[in-house]
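Structural description and commentary
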Amino acid sequence: MAHLDSEVKEECLREDLKFYFMNPCEKFRARQQIPWKMGLQILKIVMVTTQLVRFGLSNQLVVAFKEENTVAFKHLFLKGYSGVDEDEYSCSVYTQEDTYESIYFAISQFHRLRNLSLGTLGYGENEDNRIGLKVCKQHYKKGTMFPSNETLNIDSDIEIDCIHLDLQTLSKDPQDWKNSSFFRLEFYRLLQVEISFHLKGIDLQTIHSRELPDCYIFQNTIIFDNKAHSGKIKIYFDSDANIEECKDLNISGSIQKNTQYVLVFDAFVIVICLASLILCTRSIVLGLRLRKRFLDFFLEKYKRCVCNADQWEFINRWYILVIISDLMTIIGSILKMEIKAKNLTNYDLCSILLGTSTLFVWVGVIRYLGYFQAYNVLILTMQASLPKVLRFCACAGMIYLGYTFCGWIVLGPYHDKFENLNTVAECLFSLVNGDDMYATFAHIQQKSLLVWLFSRLYLYSFISLFIYMILSLFIAIITDSYDTIKKYQQNGFPATDLQEFLKECGSKEKCQKESSSFLSCICCLRRNGSDDHLTLIN
């Protein structure tokens, strides 16, 4: 009797395992179980993608408004701005007269802003709750310098002096504030002059998209950088735009109704993702319970533990990906609703959450393509090659970092693409992909013959090593994994303990019954019966 109960228990476990590892079509044929999760995922793809596209179009208006205002500010406040930044700075001056004129020009333009600007701009309060300009200068504490005699006597301590020019002061005769001692600059001591001011603006273009407008505060800073004391003062312009809730909006028309429709749609997306989250979490919990049953049974019958690979089969990584995607979509949708209602203004965080969640949703589609043998090759090849690829990249990364540091320290003063570690890494990555090779060779300054010769040796060795050797080995690793998978599909995969257990049958009748109800249930996708043991897909 105990032996019979053990066999019944074993067959029940085997049936549960076979059903757990069936795909949705096989489950429907076996027990008429409707694939709710698959239908929900398809609906979620459509909903999340639609939500992302609508938010993306709205976010483009925000980014465009910020960028266009920054360009407008540069034309308004920078004297002689050509429309194109010279480098990481906007423009530069080379004489004392041009420096004074550029400073006075920015101050004068700020005072006449309402008569000059084409945008919806107004004056804003700065950190001191005052409306106007704040001008600060940094300079060495004291010193004397006589270059002709090669004499220098300077105190390296830095002093910062500031002056606030409000609208009332600027309305007076300009010579009153221009002749103040503050604007008498000693250029051999001067490090930088910083002009900061706040402006407010309203983005009206969102009205055309039937959305409520945003109110902006632009924190603008103009820096005259003389730290190099090279005879060239670089002028930087920085504009940091912050979105704030408008205090009083009174807009007639259908904008409010359109906002309500969007909020309802976002709420429906949250409900769909919440249902998907619950179903996937439930499936993972059921898988863990089934794994515990199988581990206990295997230990009791065979007196040994199940290998780690078989234990991981019970944890469906696709469901984990879906859960992460659902959580990010729910949080992103809540932020989007708050942004739509003008209670929050964090567009960047919301776009990161929604964009990443949509990426995961579409990556999850690969799971359903894996039910076809032709598409399943891609998934199996990626799984088989991933550990080898990661180990190979770890070794190649050490060589890459070595070239990065070497290029930065040696070629940095002579080449724009090697000025900092970030640009060096990007430049070398472009070279690995065969991009911009000639320009990288040609832009090396030939001021030092030794550095020029080293640059040739450096670039030729890097390109030869990474393109002809490392990149070829990288492709060979993936190709080898692909060939291995193809051979396994032709000759059969190595059977694991779990797969051997699923093949066993307790009796002839049971074997025939199982064969008719499960193993011969080839699904609506009509795969070959010999391929059923190749992968375990939940």
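Structural data are supplied above this passage.
Described below are features of the structure shown in this document. (Residues numbered from 1 in each chain as written. Predicted model: local features only at pLDDT ≥ 70, side-chain atom pairs only at ≥ 80, totals over all residues. Heavy atoms only, no water.)

Helix and strand counts for the chain stand at 18 helices and nine strands. Taking all 538 residues of the chain together, the buried fraction comes to 39%. Taking the intrachain contacts of the chain between residues at least 6 apart in sequence as the baseline, contacts between residues at least 24 apart amount to 73%. Counting only carbon and sulfur atoms, one obtains 59% of the accessible surface of the chain, whose full area is about 30500 Å². (Helix = DSSP H or I, 4+ residues; strand = E, 2+ residues; numbered from the N terminus. Buried < 20%, exposed > 50% of the residue type's maximum accessible area, 1.4 Å probe, protein only. Contact = heavy atoms within 4.5 Å. Areas by Shrake-Rupley, 256 points an atom, 1.4 Å probe, with all protein chains shown as cover.)

This paragraph deals with helix H4 (residues 96-111). An ideal rise of 1.5 Å per residue puts 22 Å on 16 residues; H4 measures up with 23 Å between its terminal C-alpha atoms. By the burial criterion, the buried members of H4 are Thr 99, Ser 102, Ile 103, Tyr 104, Ala 106, Ile 107, Gln 109 and Phe 110. (Expected span 1.5 Å × (residues − 1).)

Another aspect to go through is the pairing of strand S3 (residues 132-140). Two strands pair when backbone bridges link them, and S3 and strand S6 (residues 158-166) are joined in this way by nine bridges, in the antiparallel orientation. Each residue of the ladder has a partner; that of Lys 137, found in S6, is Asp 161. As paired elements, S3 and strand S7 (residues 190-203) share six bridges and run antiparallel to each other. Opposite Lys 134, over in S7, you have Ser 196 as the bridge partner. (Pairing = 2+ DSSP bridges.)

Within the largest apolar cluster, 48 residues are counted, with the highest numbers of intra-cluster contacts made by Phe 77, Ile 103, Ile 107, Phe 183, Ile 195, Leu 199 and Ile 222. Counting 20 residues, the second largest nonpolar core, distinct from the first, contains Val 432, Ile 444, Phe 466 and Ile 470. (Core = buried A, V, L, I, M, F, W, Y, C linked by side-chain atoms within 4.5 Å.)

Burial analysis of S7 places eleven of its 14 residues in the buried class, which makes it a mostly covered element. Inspection of the sheet shows strand S2 (residues 121-123) paired to S7 by three bridges, in the antiparallel sense. Each bridged residue has a counterpart across the sheet, and for Tyr 123 the counterpart in S7 is Leu 199. Both S7 and strand S8 (residues 214-225) contribute to a ladder of twelve bridges, which runs antiparallel. By the bridge assignment, Ser 196 is partnered in S8 with Thr 221.

What the rule picks out here adds up to seven salt bridges. The closest approach of N and O atoms between Arg 189 and Glu 186, which form a salt bridge, is 2.6 Å. Residue classification places Arg 189 among the buried residues on the basis of a relative accessible area of 14%. Overall, the relative accessible area of 38% leaves Glu 186 in the partly exposed class. (Salt bridge = Lys/Arg side-chain N within 4 Å of Asp/Glu carboxyl O.)

Moving on: the side chain of Gln 41. Position of Gln 41 relative to the elements: it lies in helix H3 (residues 36-77). The class for Gln 41 is buried, based on a relative accessible area of 9%. Within the structure, Gln 41 has its side chain in polar contact with the side chain of Ser 276 (distance 2.7 Å). Setting aside anything within four residues of it in sequence, one finds Gln 41 in contact with Ser 276, Cys 280, Val 322 and Tyr 368. (Polar contact = N/O pair within 3.5 Å; in protein donor to acceptor, adjacent residues only side chain to side chain.)

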